[in-house]
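# Coordinates in review
Listed below are the residues making up each chain.
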Amino acid sequence: MSYYRTFQRALTNALLIIGLVSTTVAQAQVDTVARGLALAPPTQAQLEAGGLRAALASSWFARLSKLQRAAARAAAFNPEDAPVATGVTMTVNAATDSSLQMSYLASANIPLFRFAGGKPTANNSGSGIYFPVSSVAPATNGNIGSIAPLPTDASAWGWKAAFGTDSEKVEIRLGTSVGSRFRVSVDGRYVTKALTPGLDFIAYIVLDFSGVKAPRTITIEASDTNAFRGVSVVANSLIWRPEPDADRIVVLATGDSYSEGQGATSPGVLAWTQILGRLMGWSDVRQVAVGGTGYLNPATGLGRSRIRNQIPRWLSINSDLTASDVDGIMFAGGYNDYSTIGGIDYTPNEIADEAFYDWKLARAAFPNALIMVYGPFSGTRGPDQRTRDMESALAAKYLAWGDKNSFYIPVSPVPAGNNSDGRTSWFSGNAAQLIFSGALSGATNGTLARSFQGTTASYTIVFSDGSTRSATLTSGSTAVSWSGAVTATATAAAYFTARGTSEYAVSDDRVHPSDAGHSLIARRAASAVRAGLSRL
């Protein structure tokens, strides 16, 4: 079907060009005074307009085809679902392995690596490479904005660095911290799917292949303030830039802190946007989203800007890209437009009107990119009626837009029983995770790992052993008690009136997705994107 539509649209564009010539011919035949019976050729402007339409159509279909090819390959093999790598052990050390004598400083050997997630930028000392991807301007407190020569508004999220080597032992040097996490893969398979904690300052990550020398592609995935410092291998080995993906695909992901990856153990590695990229075979996902913002919300109090003002900065901060490099753009805004903004309660239609402006602005800047518009996330909001009204308004505005190179993905539609196609909301209920400071043993009280972020009220706590207790949770407090002893792990959940997917999918800040929540979003998004690609 896709080949037939490709031919049909190409034919339509060809007929449009022919139509321009035919119109000019007809005008010449009737305008005998001005031109006699001579056939006036089409003007340069007409030829350029027709040629531009044909060029845009050709470029779009080539882009769509590679998105479809990448999706098909990823459905057959992707690192999220593939078995882990074998024949390799990984250790994380506080000092370098002196047996690895061939050392490559990342900042001095950029051509030997393939990067993704942001523009690779060396710091002034040359000790590491950072990956600016988004801008919090006009604020000046980007999460890597204090690192010269980066602009003060710059933030980084998920990034990866890949290289080829034939060494039987490899050391990756990562500028890191105790609280950061990373993952390493060998030939597209993770060494371990669990995230590995970093160390204070520099982590020396050693991959040992038990003396087996063979060409391999090694990739490290890390996040935000982590710096890629370099690689060391044995004396008789080399590193090289890996072959590019069969179809290099660059996708920009905008929205808010959900798209930044907040709530995940590692905002870059486990953000739903990055997981989706791996499930879809996208080479380079750039999290241009800015937390706290929305279609209308400029993150009041944080000094940031709404999405319409972020769009012009996408390519300035990602200056290693041009508009033609961008294959896809994901809009996932609306969560922060739900509440009062600067004293104003915007209606769902007003939010949708602003979203419409943003989609058109992105289309003008990226004429051949696939635009994927997501409905609003609900978190612990149910989704309630206002969230569903926002969903309906956004969907209606999208349909009115009529853009042919895009699709809309419902996130918070009406319940499945009330619509014809059986769609369900991605989040349900008003529960969220509750994390205690340690496991519970015959306990009638506990201490939360961090203060409770919700409204003070009586909640039902669901413990890991399946038992439930009623308890009052106080906003800002870590203390909680209940009647009846409980023996369970440190992970529980608390809900106010309704359980649902939010019970495990929303983190204990009661706003952002947990690791499981980011995975849930990514997998539902992957199904929706595959369906959308098949319909184009």
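Figured I'd write up the structure that's included with this text. (Residues numbered from 1 in each chain as written. Predicted model: local features only at pLDDT ≥ 70, side-chain atom pairs only at ≥ 80, totals over all residues. Heavy atoms only, no water.)

### A look at the overall build of the protein
Short version of the rule: Each helix corresponds to a stretch of at least 4 residues labelled H or I by DSSP, and each strand to a stretch of at least 2 residues labelled E; elements are numbered beginning at the N terminus. For every residue, the accessible area (1.4 Å probe, protein chains only) is compared with the maximum for its type, and the residue is labelled buried under 20%, exposed over 50%, or partly exposed between those bounds. Here, residues are in contact when the closest pair of their heavy atoms is within 4.5 Å. Accessibility throughout is a Shrake-Rupley quantity obtained with a 1.4 Å probe, and a residue counts as covered only by protein chains that appear here.
Along its length, the protein carries 11 helices and 27 strands. Counting the 536 residues in the protein, one finds 52% classified as buried. Long-range pairs, those at least 24 residues apart, make up 75% of the contacts in the protein between residues at least 6 apart in sequence. For the protein, the computed accessible surface area is about 21900 Å², with 56% contributed by carbon and sulfur atoms.

### Remarks on the nonpolar core
Filter applied, for reference: Put simply, a nonpolar core is a bunch of buried Ala, Val, Leu, Ile, Met, Phe, Trp, Tyr and Cys residues held in one set by side-chain atoms that sit within 4.5 Å of each other.
Counting residues in each nonpolar core, the largest one holds 71 residues, and the members touching the most others are Trp272, Leu276, Trp282, Ile329, Phe331, Tyr374 and Phe377. Here this core takes seven residues from helix H11 (residues 515–535), the largest share from any one element. The contacts of Ile329, once residues within four sequence positions are left out, are Val251, Leu252, Trp314, Ala362, Phe366, Ala369, Leu370, Ile371 and Met372. Counting residues in each nonpolar core, the second largest holds 29 residues, with Ala106, Ala203, Ala222 and Phe228 among its members.

### Some details on the sheet that holds strand E18 (residues 284–286)
Applicable threshold: Strands pair, by our definition, only if DSSP identifies at least two bridges between them. Lines fitted to C-alpha atoms define the axes here, with helix axes fitted over just the stretch in contact, and angles between the N-to-C directions of these axes take values from 0 to 180 degrees.
Pairing in this open sheet of five strands is parallel, and the strands run E18-E17-E19-E20-E21 from one edge to the other. Strands at the two margins of the open sheet, each flanked by one partner only, are E18 and strand E21 (406–409). Strand-to-strand, the axes of this sheet are offset by a mean angle of 15°, without reference to chain direction. The pairing of strand E17 (residues 250–254) with strand E19 (residues 328–331) spans four bridges and is parallel. Of the residues in E19, the one forming a bridge with Ala253 is Met330.

### Let's talk about the packing of helix H8 (residues 348–365) against helix H9 (residues 385–401)
How we decide: Here roughly perpendicular refers to angles of 65 to 115 degrees, roughly parallel to angles under 35, roughly antiparallel to angles over 145, and oblique to all remaining angles. Crossing handedness: left-handed means the near helix sits turned counterclockwise from the far one by under a right angle, and right-handed means the same turn made clockwise. In this classification, Asp, Glu, Lys and Arg are treated as charged, Ala, Val, Leu, Ile, Met, Phe, Trp, Tyr, Cys and Pro as nonpolar, and every other residue, Gly included, as polar.
Contact geometry for H8 and H9: axes closest at 9 Å, N-to-C directions at 40°. For the element pair H8 / H9, the angle class is oblique. In this structure, the crossing between H8 and H9 has a hand that is right-handed. Taken together, the residues of H9 that come into contact with H8 (itself represented by Pro348, Asn349, Ile351, Ala352, Asp353, Ala355, Phe356, Trp359, Lys360 and Arg363) are Arg386, Asp389, Met390, Ala393, Leu394, Lys397, Tyr398 and Trp401. Split by residue class, the contact of H8 with H9 holds 11 nonpolar, one polar and six charged.

### Focus on the sheet that holds strand E24 (residues 457–462)
Strands sit in the order E22-E27-E24-E25 across an open sheet of four strands; the sheet is antiparallel. If you trace the sheet from one side to the other, it starts and ends with strand E22 (432–435) and strand E25 (468–473), each paired once. Going across the sheet, the axis of each strand differs from the next one's by a mean of 40°, ignoring polarity. Relative to E25, E24 is paired through six bridges, and the arrangement is antiparallel. Within E25, the residue paired with Thr460 across the bridge is Ser470.

### Quick word on the pairing of strand E10 (residues 181–186)
Of all six residues in E10, five are buried, a share of seventy percent or more. As defined by bridge partners, E10 adjoins strand E12 (residues 196–197) across two bridges and the pair is classed as antiparallel. Looking at E12, one finds that Arg181 is bridged to Pro197. Across four bridges, the pairing between E10 and strand E14 (residues 216–223) is antiparallel. Among the inter-strand pairings, Val184 is bridged to a residue of E14, identified as Ile220. Looking at chain direction, E10 and strand E11 (residues 189–190) are connected through two bridges and run antiparallel.

### Overview of the side chain of His512
The condition is simple: Two N or O atoms count as a polar contact when they lie within 3.5 Å, although within protein this holds only if one can serve as hydrogen donor and the other as acceptor, and sequence-adjacent residues are included solely when both atoms are side-chain atoms.
Note on placement: His512 falls in the loop between helix H10 (502–505) and H11. For His512, the side chain forms a polar contact with the side chain of Asp509, separated by 2.6 Å. With residues up to four places along the chain from it excluded, the contact list for His512 reads Ser257, Tyr258, Gln262, Gly263, Ala505, Val506 and Ser507.

### Notes on H9
This is how it is decided: For a helix, the expected span equals 1.5 Å multiplied by the number of residues minus one.
Here H9 is 17 residues long and its end C-alpha atoms lie 24 Å apart, about the 24 Å a rise of 1.5 Å per residue gives. Buried-residue contacts for H9 involve H8, strand E20 (370–374) and E21. A positive backbone phi angle near 75° is found at Gly402, which sits one or two residues after H9.

### What about the packing of aromatic side chains?
Condition: Side-chain rings of Phe, Tyr and Trp (the six-membered ring for Trp) are treated as a pair once their centres are within 6.5 Å; stacked means planes under 30 degrees apart, edge-to-face means over 60, and tilted covers the remaining angles. In our convention, an over-ring charge means Lys NZ or Arg CZ found within 6 Å of a ring centre and within 35 degrees of that ring's normal.
Within the structure shown, the criterion is met by 25 aromatic pairs. For the pair Phe377 and Trp426, a centre-to-centre distance of 6.4 Å together with 50° between the ring planes defines the contact as tilted. Here Phe377, found in the loop between E20 and H9, pairs with Trp426, found in the loop between E21 and E22; they are 49 residues apart in sequence, far enough to count as distant. Across this residue pair, the class does not change: Phe377 and Trp426 are buried. Pairing Tyr398 with Tyr408 gives two aromatic rings, centres 5.8 Å apart and planes at 35°, and the pair type is tilted. Of the two residues, Tyr398 is situated in helix H9 and Tyr408 in strand E21; the sequence distance between them amounts to 10 residues. Here Tyr408 falls in the buried class, since its relative accessible area comes to 12%. A connected cluster of aromatic rings, assembled from ring pairs, spans Tyr258, Trp272, Tyr335, Tyr374, Phe377, Trp426 and Phe427. The ring of Phe209 has Arg216 lying over it, and the distance from NZ or CZ to the ring centre is 3.7 Å.

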